[in-house]
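Residues per chain are reported as follows:
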Amino acid sequence: ACRLASMALKSCKNNRDRHELVERFMLCNDSCTFASEVPVWFLDKKIGGVCGHIDLLQYRFGKVYVVDYKPGALKEKKAASQLYMYALGLSFRTGVNLSNFKCAWFDDKNYFEFNPKEVRVKW
C-alpha cells in the first residue's frame, strides 16, 4: 500500500487531489482493491447514528480489509476508532461477521493494521 501510494503521489500536483488520486491508483493497480469511497451507516441505541465513507475495500487472505489513506499516518490519533466503526457498520449492514474483517490505515511511508474483533470497547 505504501509503495503504491508513493507511486501515485508522484503525479499529484497539489495536496487537495492526493486522496482521490491514491484511491484511483489503488483501484487500477492493486488486484486486492475492489471498491473506494463506500458509504457505510447504521443506527445503534447506545451510540446513535454512525456514517462515513470507507476509502478502500480490499479482499486479502480470506478477509475484507477496511482501509483508509491517511497522510501523516504515523501521527494519526483517530484512525483506529474510525476504522473500527466502519468495520462494525459494514458488518452490521452486510451480515458478515466482524471476525472476517481487518482494518488498516496508511500513507506513502507507514502502514498500520488491526483486527476489529479484538478491540475492547467501553460504553
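Residues numbered from 1 in each chain as written. Predicted model: local features only at pLDDT ≥ 70, side-chain atom pairs only at ≥ 80, totals over all residues. Heavy atoms only, no water.

**Q** Can you help me understand the overall build of the protein in this one?
**A** Helix and strand counts for the protein stand at three helices and five strands. The order of helices and strands in the protein, counted from the N terminus, is α-α-β-β-β-α-β-β. For a compact globule of 123 residues, the expected C-alpha radius of gyration is about 14 Å, and the protein comes in at 14 Å, within 12% of that figure. Taking contacts inside the protein between residues at least 6 apart in sequence as the whole, the part at least 24 apart equals 50%. When the 20 basic and 13 acidic side-chain charges of the protein are each reduced to a single mean position, those positions are 5 Å apart. (Helix = DSSP H or I, 4+ residues; strand = E, 2+ residues; numbered from the N terminus. Rg over C-alpha atoms; globule rule 2.2 N^0.38 Å. Contact = heavy atoms within 4.5 Å. Lys, Arg positive; Asp, Glu negative; His and termini not counted. Charge placed at Lys NZ, Arg CZ, Asp CG, Glu CD.)

**Q** I'm lost on the side chain of Gln58 in this one. Help?
**A** As for its position among the elements, Gln58 is in strand S2 (residues 48–60). Judged by its relative accessible area of 4%, Gln58 falls in the buried class. Polar contacts involving the side chain of Gln58 include one to the side chain of Thr33, which spans 3.0 Å. Setting aside residues up to four positions removed in sequence, Gln58 forms contacts with Met26, Asp30, Cys32, Thr33, Phe34, Lys63, Val64, Tyr65 and Val67. (Buried < 20%, exposed > 50% of the residue type's maximum accessible area, 1.4 Å probe, protein only. Polar contact = N/O pair within 3.5 Å; in protein donor to acceptor, adjacent residues only side chain to side chain.)

**Q** Which parts of the structure should I look at to understand helix H1 (residues 2–9)?
**A** Residues separated by three or four positions in an α-helix point in the same direction, a consequence of the helix having 3.6 residues per turn. Within the sequence span of H1, burial applies to Cys2, Leu4, Ala5 and Ala8. The buried residues of H1 occupy one face: seen down the axis, they fall within an arc of 160°. Buried residues in H1 make contact with helix H2 (18–29), strand S3 (63–69), strand S4 (101–106) and strand S5 (111–114). (Arc of directions from axis to C-beta.)

**Q** Teacher, can you tell me more about the pattern of salt bridges here?
**A** Two side chains that carry opposite charge are able to pair once their charged atoms sit near each other. Here the structure, examined in full by the defined rule, presents three salt bridges. Between Lys109 and Asp108 there is a salt bridge, with its nearest N and O atoms 3.3 Å apart. A residue is classified by how much of its surface remains accessible, and Lys109, at 64% relative accessible area, is exposed. Since its relative accessible area comes to 28%, Asp108 is described here as partly exposed. (Salt bridge = Lys/Arg side-chain N within 4 Å of Asp/Glu carboxyl O.)

**Q** So what exactly am I meant to see when it comes to the packing of H1 against H2 here?
**A** Between two packed helices, what matters for the description is the angle formed by their axes and the separation of those axes. Two elements in contact, H1 and H2, have axes whose closest approach is 9 Å; the angle formed by their N-to-C orientations is 120°. Here H1 lies oblique to H2, going by the angle between them. Considering only the axes of H1 and H2, their crossing is right-handed. Within the contact between the two elements, H1 uses Leu4, Ala5, Met7, Ala8 and Leu9 and H2 uses Arg18, Leu21, Val22, Phe25, Met26 and Asn29. (Axes fitted to C-alpha atoms, helices over the stretch in contact; angles between N-to-C directions. Parallel < 35°, antiparallel > 145°, perpendicular 65-115°, else oblique. Left-handed = near helix turned anticlockwise from the far one by under 90°.)

**Q** I tried to follow the environment of Arg18 on my own but got confused; where do I start?
**A** With respect to the secondary-structure elements, Arg18 resides in helix H2. It is 10 Å that separates the C-alpha atoms of Arg18 and Lys70, two residues lying 52 residues apart in sequence. Apart from residues lying up to four places away in sequence, Arg18 is in contact with Leu9, Cys12, Tyr69 and Pro71.

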